[in-house]
Amino acid sequence: MGKAKSFDISKLAVRDAYIRVKRNNGGAGVDVVSLGMFEEDLENNLYKIWNRMSSGSYFPPPVRTVLTPKPGGTRTLGIPTVADRIAQMTVKLYLEPELEPVFDEDSYGYRPGKSALDAWMRRTYPGVPFERYADDIVIHCKSEEQTLSVHRNLIKRMTACKLELHPEKTKIAYCKDVNRRGNYDTVSFDFLGYTFRPRMSKNRWGKYFVNFSPAISRKAVVRIFGVIRNWQFNSRTPMDLEDLAELVNPAIQGWLNYYGRFCPSAMHSLMMHLNQRLVKWAMRKYKRFRFHEKRATHWLGRIAHREPGMFVHWRFGYKPSTGQ
C-alpha cells in the first residue's frame with residue numbers, strides 16, 4: 001500500500017490552476033521558463049507540482065525582479081515562475097471558497113472584486129455608480145458640481161493612503177450625446193482597451209444621431225498591429241495557408257470576441273491589414289504572384305469565399321476582394 005500524501009490536493013485542481021494561469025499569460029520567472037516552454041513537458045511538470053504540494057515538500061523559488069516606471073521613480077515587481085504561479089493558483093482555488101463566506105461584508109482588502117477604493121466610494125458617495133478593474137476606475141457623476149466634489153475628495157483619500165492619481169490617465173470627461181450638448185474640452189476617455197466618445201449611430205428607423213459609445217481604442221489597435229507584425233508572415237513561406245490559420249486564429253478569435261462586441265466596424269482596418277499581410281505572404285510563396293499583388297489578392301479572396309471558416313475574421317465578413 002502506498003504512503004498517503006500529507007495534503008489532499010487533487011490533480012484536477014492543479015490542472016484547473018494551470019488553465020487559469022495560461023489564460024492570464026505572463027512572462028517567465030528566474031528560471032527563464034516561459035509558458036510555452038512549460039507546456040512542452042506539461043504532464044510531467046504538472047505532476048511535479050502536485051506531488052510536491054501534496055507531500056508538503058513544495059518550496060517556492062525566488063521571483064524575478066522587474067523595475068517599471070512610475071511618476072517620480074520606479075516600481076519593483078516580482079515575477080514568479082510559471083510553476084509557482086500554478087502552485088499559488090492551486091492554493092487560491094482551495095482557500096478562497098472556504099474563507100470568502102466568513103469575511104465581513106465591509107472587508108474589502110485582497111478579496112475578489114473588492115478593494116479599499118470600493119469601500120470608500122460606497123460609503124462616501126453611495127448614490128454614485130462606478131466600475132473598477134484592478135487599479136482602473138470609471139465614476140459616473142450627474143453634474144459638474146458632483147464631479148468636482150468626487151475628484152477633490154478622491155485626491156484627499158489617495159493622499160491619506162500615500163497614493164496618487166495618475167496625472168495623465170485621470171481626467172474629467174463630458175459624455176456628449178444627442179441629449180447632452182454642452183461644450184467641454186474633454187469628451188472621451190479610454191477604459192479596458194476601449195475608447196468611449198461621441199459617435200454617429202443609426203436608430204431602427206434609419207435616422208442618424210450622436211451616441212456616446214465605445215469602440216476599440218487607438219492604443220489597442222497599435223498593440224494588435226504589433227502582434228500581427230511579429231507573426232512575420234514573410235518568413236513563413238514554407239507553411240501552408242491552413243498552417244497560418246491554425247497559428248493566428250486563437251488570437252484573432254480573442255480580438256473579435258472582445259473588441260468586436262461594440263462598434264465592430266472599428267475593427268475593419270485591422271482585419272483588412274491582416275488580409276494584406278496574407279497577400280504579401282502569397283506573393284513571396286508563389287512565383288506566379290511575385291509581382292502581381294492584385295492577382296494574389298483575388299486568389300486569396302476566392303479562397304475566403306469558398307472556405308470562409310479557414311480564418312476566423314473571414315467568418316465575420318472581413319474578406320479580401322475576389323475581383324468580381
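Just so it is clear, the model here is predicted, and its values are computed rather than measured. (Residues numbered from 1 in each chain as written. Predicted model: local features only at pLDDT ≥ 70, side-chain atom pairs only at ≥ 80, totals over all residues. Heavy atoms only, no water.)

Peer 1: What is the right way to read the packing of helix α8 (residues 241-259) against helix α9 (residues 268-285) from this model?
Peer 2: Packed helix pairs are characterised by how far apart their axes lie and by the angle those axes make with each other. Close contact between α8 and α9 brings their axes to 13 Å; oriented N to C, the two are set at 170°. On the basis of their axis angle, the class for α8 and α9 is roughly antiparallel. Counting all contacts with α8, which are made through Leu241, Leu244, Ile252, Trp255 and Leu256, the residues of α9 involved are Met271, Leu274, Leu278 and Trp281. Residue composition of the contact of α8 with α9, grouped by class: 9 nonpolar, no polar and no charged. (Axes fitted to C-alpha atoms, helices over the stretch in contact; angles between N-to-C directions. Helix = DSSP H or I, 4+ residues; strand = E, 2+ residues; numbered from the N terminus. Parallel < 35°, antiparallel > 145°, perpendicular 65-115°, else oblique. Contact = heavy atoms within 4.5 Å. Nonpolar A, V, L, I, M, F, W, Y, C, P; charged D, E, K, R; others polar.)

Peer 1: What's the story with helix α6 (residues 144-160) in this structure? I'm lost.
Peer 2: Spacing of three or four residues puts side chains on the same side of an α-helix, whose turn is 3.6 residues. The terminal C-alpha atoms of α6, which comprises 17 residues, lie 24 Å apart, in line with the 24 Å expected from a rise of 1.5 Å per residue. With its phi angle positive at about 60°, Lys162 sits one or two positions after the end of α6. (Expected span 1.5 Å × (residues − 1).)

Peer 1: What am I meant to see in the packing of aromatic side chains here?
Peer 2: Two aromatic rings, taken as a pair, are described by how far apart their centres are and by the angle between their planes. Going through the model one piece at a time under the given rule, you end up with 16 aromatic pairs. Their ring planes at 50° and their centres at 5.4 Å tell us that Tyr194 and Tyr258 sit as a pair that is tilted. Taken as a pair, Tyr194 in strand β6 (residues 194-202) and Tyr258 in helix α8 lie far apart in primary sequence, 64 residues in all. The buried category is assigned to Tyr194, whose relative accessible area is 5%. On the basis of relative accessibility, which here comes to 36%, the residue Tyr258 falls in the partly exposed class. Members of the aromatic cluster, connected to one another through ring pairs, are Tyr194, Tyr258, Tyr259 and Phe262. Positioned over the ring face of Trp50 is Lys11, at 4.6 Å from the centre of the ring. (Phe/Tyr/Trp six-rings, centres within 6.5 Å; stacked < 30°, edge-to-face > 60°. Buried < 20%, exposed > 50% of the residue type's maximum accessible area, 1.4 Å probe, protein only. Lys NZ or Arg CZ within 6 Å of the ring centre and 35° of its normal.)

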